[in-house]
Amino acid sequence: MKRISLTRYLIEEQRDNNSIPAELRLLIEVVARACKTISHSVSKGALGDVLGAAGSENVQGEIQKKLDIISNEILLEANEWGGHLAAMASEEMENFHPIPNRYPKGEYMLLFDPLDGSSNIDVNVSIGTIFSVLKAPEGMKEPCEKDFLQPGSKQVAAGYAVYGPQTVLVLTTGNGVHAFTLDREMGSWVMTQRDMKIPADTAEYAINASNARHWYPPVRRYISELEAGKTGPRGKNFNMRWIASMVADVHRILNRGGIFMYPADEREPDKPGKLRLLYEANPMSLLVEQAGGAATNGEMRILDIQPTKLHERVAVFLGSKNEVELVTRYHAAQG
Ligand code: AHG
Ligand code: MN
Ligand code: MN
């Protein structure tokens, strides 16, 4: 079998399909290399003294784990000096990170959730890194926060690495979704899936059901119909999976379909859900749409949302198209 490395895939995309400029190719290679380093740290676990809390909180008031900080540092350090970026932003940093003046600057902006699924770090369950790439606005001199506030449809690349039984990088540059497995002996990413597709129908759903008492009526209605199974209005049985690492839940959905939900709920009407628009929802929505699925906040396509702040949160319904459309219709019906 011919082994296609990530490098070869990117060079062929650049040369044959003209879909990736050289600087974007470099950026993706650097992010992939950083993910390799994070994967190495993750796999060391207690032996590398990377488990446990860091003793700090991030801007969202979440307790930071050592690996949240280590992964953030690895991504910053890897991407700072190559000349391909204008600025970076991360879930773990209150303010965005401009490229220091001692380094050349490029035309891209990188956003990331350095370590997704933090609650799973210490229990050896799959976690990951999510990233999103935007172009700096035309004529930008010094980057400012509003330069990051572009709708997800403007992303030029998005992807994630999942650190599970295997480490797998899943990537889109707007020309399908492809997966690359890390070959640890060779130190290279090898393409193992080309053109991943999410089936339009599914019998599997993912939601943190411990929040059920707080859900709004459209979500209650949708979930109760799934729970009712074969004798209910849907006429079939549904199975549930919840890993509590969005990366791992989305990876399952890209492989065999399903719907993933993190709705807003009645607890804090001003807080639209838990997940972050720029670092989590946007990149995952681009991947899901590129694989033939759909992604909404219950009301509109996530990729069309105009962000208003860096750490904005959003409700998320994504995955198999027919299910996402149904739960979105239930929201519209509610008015
Ligand atoms: P993070 O670790 O980056 O803060 O993200 C965790 C997110 C997401 O990965 C996951 O789907 C969800 O939070 C889990 O939430 P619950 O704790 O409510 O299960
Ligand atoms: Mn996350
Ligand atoms: Mn995180």
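Look up: the structure comes first, before these words.
On a predicted model such as this, the values are computed, not experimentally measured, just so you know. (Residues numbered from 1 in each chain as written. Chains lettered and ligands numbered in written order. Predicted model: local features only at pLDDT ≥ 70, side-chain atom pairs only at ≥ 80, totals over all residues. Heavy atoms only, no water.)

> How should the coordination of the manganese ion (ligand 3) be read in this particular structure?
Six octahedral donors at a metal ideally form angles of 90 or 180 degrees, and four tetrahedral donors ideally form angles of 109.5 degrees. On the protein side, the manganese ion (ligand 3) has Glu-91 (OE), Asp-113 (OD) and Leu-115 (O) as donor atoms, found 2.2 to 2.3 Å from it. One chain supplies every donor for the manganese ion (ligand 3), spaced along it as E-x21-D-x1-L. Here the manganese ion (ligand 2) and the manganese ion (ligand 3) are spaced 3.7 Å from one another, each receiving a donor from Asp-113. Of this pair, Glu-91 sits in the loop between strand 3 (85-90) and strand 4 (97-98) while Asp-113 sits in strand 5 (residues 108-116), and the two are 22 residues apart along the sequence. Across the pair, Asp-113 and Glu-91 agree in class, each one buried. (Donors = N, O, S within 2.8 Å, 3.2 Å for Na, K, Ca; no water. Helix = DSSP H or I, 4+ residues; strand = E, 2+ residues; numbered from the N terminus. Buried < 20%, exposed > 50% of the residue type's maximum accessible area, 1.4 Å probe, protein only.)

> Help me out: how do you make sense of the environment of Asn-79 in this one?
For Asn-79, the position within the fold is in helix 3 (residues 66-80). According to the relative accessible area criterion, Asn-79 is buried, its value standing at 0%. On a C-alpha basis, the gap between Asn-79 and Pro-151 in space is 23 Å, while along the polypeptide they are 72 residues apart. Not counting residues within four places of it along the chain, the set of residues in contact with Asn-79 comprises Leu-27, Val-30, Val-31, His-84, Leu-85, Met-88, Ile-99 and Leu-110. (Contact = heavy atoms within 4.5 Å.)

> Even after reading the chapter, I still don't get the environment of Arg-234, so can you show me in this structure?
By the element assignment, Arg-234 lies in the loop between helix 5 (217-228) and strand 12 (239-240). Sequence separation between Arg-234 and Phe-96 is 138 residues, and the spatial gap between their C-alpha atoms is 46 Å. Aside from chain neighbours lying at most four places away, what touches Arg-234 is Tyr-222, Glu-225, Leu-226, Glu-323 and Leu-326. A distance of 2.5 Å separates a polar atom in the side chain of Arg-234 from a polar atom in the side chain of Glu-323. (Polar contact = N/O pair within 3.5 Å; in protein donor to acceptor, adjacent residues only side chain to side chain.)

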